[in-house]
Amino acid sequence: MEHRQLGSSNVEVSVITFGAWAIGGWAWGAQDENDALAAMDTAIDMGVTSIDTAPVYGFGLSEEFVGRAVAGKRDKVQILTKYGMRWDSDVGTVRWDTSDVNGNPITIRRNARKDSVIEECENSLKRLGTDYIDLFQCHWRDESVPVEETMEAMNILLNAGKIRAAGVSNFSVQDMDAARLVTPIASNQPPYSMINRGIEKDLPTRPGSAGQAGILPYCQEHNIGILAYSPLQRGLLTGKITENYQFGEGDHRPQNAFFRPENVRKINAFLAEIRPIAEAHNATLAQLAINWTIHRPGITVALVGARNAKQAAENAKAADFKLTDEETNTINALLDGLELEV
């Protein structure tokens, strides 16, 4: 498994990184703990040494599972987690009113104040069972707090050895510009997939505005890694989602615009056209989508979730082949003609 450096930091991560949102249960339906641990064990054994999680994924549960999975092998694994989404405090700007994994009402608030960030780091260290975090990322920009204050907390944690590198997630170009003035930014974590390539679009003028535009060229220019999340577009690029697919209770995907029946129909037609490319490499459609992603210019790693050992093994194998230039050009030409209503 190839490893790549995150920006100018000394943190190297596996090109396929385990995404641990789904194993927390929240927004994806219930998760069996044994399956979650087996998924991470399998991934690590196959070279996927980096795991990306967050406190809000299952309200602490995902981090706890990660901590159990890496016990005894911490020196072989890179833990990437986040901060800034609080459900355990009344301070901050309300982001969601939702339910926890047991169906109880819960309120999630954005809070990236300095004291809250430092407190969250300590909470995550306890749940993860470790004394340092390889990459600590601001989950979402908290507009009620100056980004400079948030990044000052990163400097404190870096100097204390609590974290090895500071990252951001869902940050615009303008936000990254401000953050970089305070502390080095190793990476940004935006959504990116074959069918969601908004970060590739350049801005008409820079520094930029809110949103995805300009993120990829900006990060390339300033040596900031890109951790692409949802490279399978939450399962759509596996080819297993039909127009009448029945989602389990608690699954958030039916409300996502990409899952509208017309979009699903168009995406499946595209997948049918590229299926021969996958078959030529003895790969699944999911593996082809992951492989395409990790070889896009400027993309450092693909964050891919798995809820059991079988899925984790399949994800890891996505790095085992290389597309030809002709195959890549064919895929890109088909994507250029794909128009979705999102």
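Let us look at the structure shown here. (Residues numbered from 1 in each chain as written. Predicted model: local features only at pLDDT ≥ 70, side-chain atom pairs only at ≥ 80, totals over all residues. Heavy atoms only, no water.)

The next subject is the overall build of the chain. A count of helices and strands for the chain gives 10 helices and 13 strands. Relative to the globule expectation of 20 Å for 342 residues, the C-alpha radius of gyration of the chain, 19 Å, shows essentially globular dimensions. Considered along the principal axes of its C-alpha atoms, the chain spans approximately 50 × 50 × 40 Å. In the chain, which comprises 342 residues, the proportion classed as buried is 57%. About 14,300 Å² of surface is accessible on the chain, with carbon and sulfur atoms providing 46% of the total. Positive and negative side-chain charges in the chain, numbering 33 and 45 respectively, have mean positions lying 0 Å apart. (Helix = DSSP H or I, 4+ residues; strand = E, 2+ residues; numbered from the N terminus. Rg over C-alpha atoms; globule rule 2.2 N^0.38 Å. Buried < 20%, exposed > 50% of the residue type's maximum accessible area, 1.4 Å probe, protein only. Areas by Shrake-Rupley, 256 points an atom, 1.4 Å probe, with all protein chains shown as cover. Lys, Arg positive; Asp, Glu negative; His and termini not counted. Charge placed at Lys NZ, Arg CZ, Asp CG, Glu CD.)

Right, let's get into the pattern of salt bridges. Two side chains of opposite charge can pair, provided their charged atoms sit close to one another. Scanning the model with the defined rule gives 18 salt bridges in all. Here Lys-82 makes a salt bridge to Asp-52, at a shortest N to O gap of 2.6 Å. Taken together, the residues Lys-82 in strand S5 (residues 78-83) and Asp-52 in strand S4 (residues 50-52) connect sequence positions 30 residues apart. For the pair shown, Lys-82 and Asp-52 are each scored as buried. A salt bridge links Lys-162 to Glu-122; the nearest nitrogen and oxygen atoms lie 3.2 Å apart. (Salt bridge = Lys/Arg side-chain N within 4 Å of Asp/Glu carboxyl O.)

Before going further, it helps to spend a moment on unusual backbone geometry. In this structure, Ser-230 is a non-glycine residue whose phi angle is positive, near 60°. Within the secondary structure layout, Ser-230 lies in the loop between strand S12 (225-228) and helix H7 (261-280). Taking the relative accessible area as the measure of exposure, Ser-230 reaches 15% and is therefore buried. Positive phi, close to 50°, is recorded for Gln-233, a residue that is not glycine. Positionally, Gln-233 belongs in the loop between S12 and H7. Gln-233 gets classed as buried once you look at its relative accessible area, which sits at 5%.

What follows deals with the pairing of strand S8 (residues 105-110). One ladder, built from two bridges, connects strand S6 (residues 85-86) with S8; its direction is antiparallel. For Arg-86, the partnering residue across the bridge sits in S8 and is Arg-109. Bridge count between strand S7 (residues 93-99) and S8: six bridges; the pairing is antiparallel. Each residue of the ladder has a partner; that of Trp-96, found in S8, is Ile-108. (Pairing = 2+ DSSP bridges.)

Formed by 85 residues in total, the largest nonpolar core has its most connected members in Phe-18, Met-194 and Ile-331. When neighbours within four sequence positions are excluded, Phe-18 is seen to be in contact with Ile-23, Ala-39, Met-40, Ala-43, Val-48, Ser-50, Ile-51, Asp-52, Val-304 and Ala-306. With 11 residues, the next largest nonpolar core counts Leu-6, Leu-80, Leu-135 and Ala-186 among its residues. (Core = buried A, V, L, I, M, F, W, Y, C linked by side-chain atoms within 4.5 Å. Contact = heavy atoms within 4.5 Å.)

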